[in-house]
2 protein chains.
Amino acid sequence: MIDPDGPVPLYRQLADLIVARIEAGELQPGRPIPSVSRLQQEYGLARGTVLHAVAVLVEEGWVQVVKGRGTYVLPR
Amino acid sequence: MIDPDGPVPLYRQLADLIVARIEAGELQPGRPIPSVSRLQQEYGLARGTVLHAVAVLVEEGWVQVVKGRGTYVLPR
DNA sequence: GCCCATTTGTACGTATGTATG
DNA sequence: GCATACATACGTACAAATGGG
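Here is what the cut-offs are and how they apply
- Residues numbered from 1 in each chain as written.
- Chains lettered and ligands numbered in written order.
- Predicted model: local features only at pLDDT ≥ 70, side-chain atom pairs only at ≥ 80, totals over all residues.
- Heavy atoms only, no water.
- Pairing = 2+ DSSP bridges.
- Helix = DSSP H or I, 4+ residues; strand = E, 2+ residues; numbered from the N terminus.
- Near = heavy atom within 4 Å.
- Polar contact = N/O pair within 3.5 Å; in protein donor to acceptor, adjacent residues only side chain to side chain.
- Buried < 20%, exposed > 50% of the residue type's maximum accessible area, 1.4 Å probe, protein only.
- Contact = heavy atoms within 4.5 Å.
- Salt bridge = Lys/Arg side-chain N within 4 Å of Asp/Glu carboxyl O.
- Nonpolar A, V, L, I, M, F, W, Y, C, P; charged D, E, K, R; others polar.

**As for the pairing of strand β1 (residues 63–66) of chain B**
Residues and elements named next belong to chain B. Both β1 and strand β2 (residues 70–73) contribute to a ladder of four bridges, which runs antiparallel. Residue Q64 lies in a different strand from β2, and its bridge partner there is Y72. Taking the residues that link successive antiparallel strands as the turn, the β1-β2 hairpin has three residues, and the phi of G68 there is positive, at about 85°.

Structure (structure tokens):
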């Protein structure tokens, strides 16, 4: 899934992966994506790296973050 | 503010700048200086460079670092 | 109102790889 | 070779918001 040795930064790879899961319909609008801790475990990444990926997704309009609750997929 | 082309290393320039802000009373004893991320943004520097500058300030007795909280101006 | 678990936000410490002068 | 600087990444710690019991 994620290639730690490739030229693409891990946070970018993770962001792309989540987008793919959204586009595949696995993660649906209005529903939360896995929590930061969950993503950390799932992909074996550090917290900072996951947060970086989420920040990218917010910037690109894929998700919306609600502090204390979760990160939600936006409608398209 | 900071001159990337001058002979003075950026971390040294930043350290001097923060000292100036302390001496001007803008940053007060017992209060935190801007975070590493904040300083990165404010001055357009890399994380490592900011950390280097903070390390200099610690060495010179200007500030005290508290992990997870911030970097505080010491009383003089 | 109070505690507690969950979740996101912020922050510092350290390390590695790359590039430049 | 060395110092400087940037980007990335992991680790850890503390803070704030939410929701359930």
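**A few points about the protein's contact with DNA strand D**
Around DNA strand D, the structure places 21 residues, and the nearest of them are L10, Y11 and T49 of chain A together with L10 and T49 of chain B. Put simply, 83% of the atoms of DNA strand D that lie within 4 Å of the protein are in sugar or phosphate. Within the side chain of K67 of chain A, one N or O atom sits 3.4 Å away from a sugar or linking oxygen of DNA strand D. The separation between a phosphate oxygen of DNA strand D and a polar side-chain atom of Y11 of chain B is 2.9 Å. Put simply, the parts of the chain that give the surface near DNA strand D at least two residues each are α1 (10–23) and α3 (47–59) of chain A together with α1 (10–23) and α3 (47–59) of chain B.

**Quick look at the side chain of R21 of chain B**
Residues and elements named next belong to chain B. Along the chain, the position of R21 falls in helix α1. Owing to a relative accessible area of 13%, R21 belongs among the buried residues under this scheme. Among the polar contacts made by the side chain of R21, one reaches the side chain of E42 at a distance of 3.4 Å. Look past the residues within four positions of R21 in its chain and what remains in contact with it is E26, L27, P34, E42 and Y43.

**Quick look at the pattern of salt bridges**
Residue and element names in this part refer to chain A. In the structure shown here, the tally under the stated rule is ten salt bridges over all chains. Note that E60 and R12 form a salt bridge whose closest N and O atoms lie 3.0 Å from each other. Separated by 48 residues along the polypeptide, E60 in the loop between α3 and β1 (63–66) and R12 in helix α1 bring together distant segments of the chain. Judged by its relative accessible area of 25%, R12 is partly exposed.

**Points about the protein's contact with DNA strand C**
V36, R47 and V65 of chain A together with V36 and V65 of chain B are the nearest of the 22 residues found near DNA strand C. Of everything in DNA strand C that lies within 4 Å of the protein, sugar and phosphate atoms constitute 61%. For DNA strand C, a phosphate oxygen lies 2.8 Å from a polar atom in the backbone of V36 of chain A. Within the contact set of DNA strand C, a base nitrogen lies 2.6 Å away from a side-chain nitrogen or oxygen of R47 of chain A. Put simply, the parts of the chain that give the surface near DNA strand C at least two residues each are α3, β1 and β2 (70–73) of chain A together with α3, β1 and β2 of chain B. Considered class by class, the residues forming the surface near DNA strand C number eight nonpolar, eight polar and six charged.

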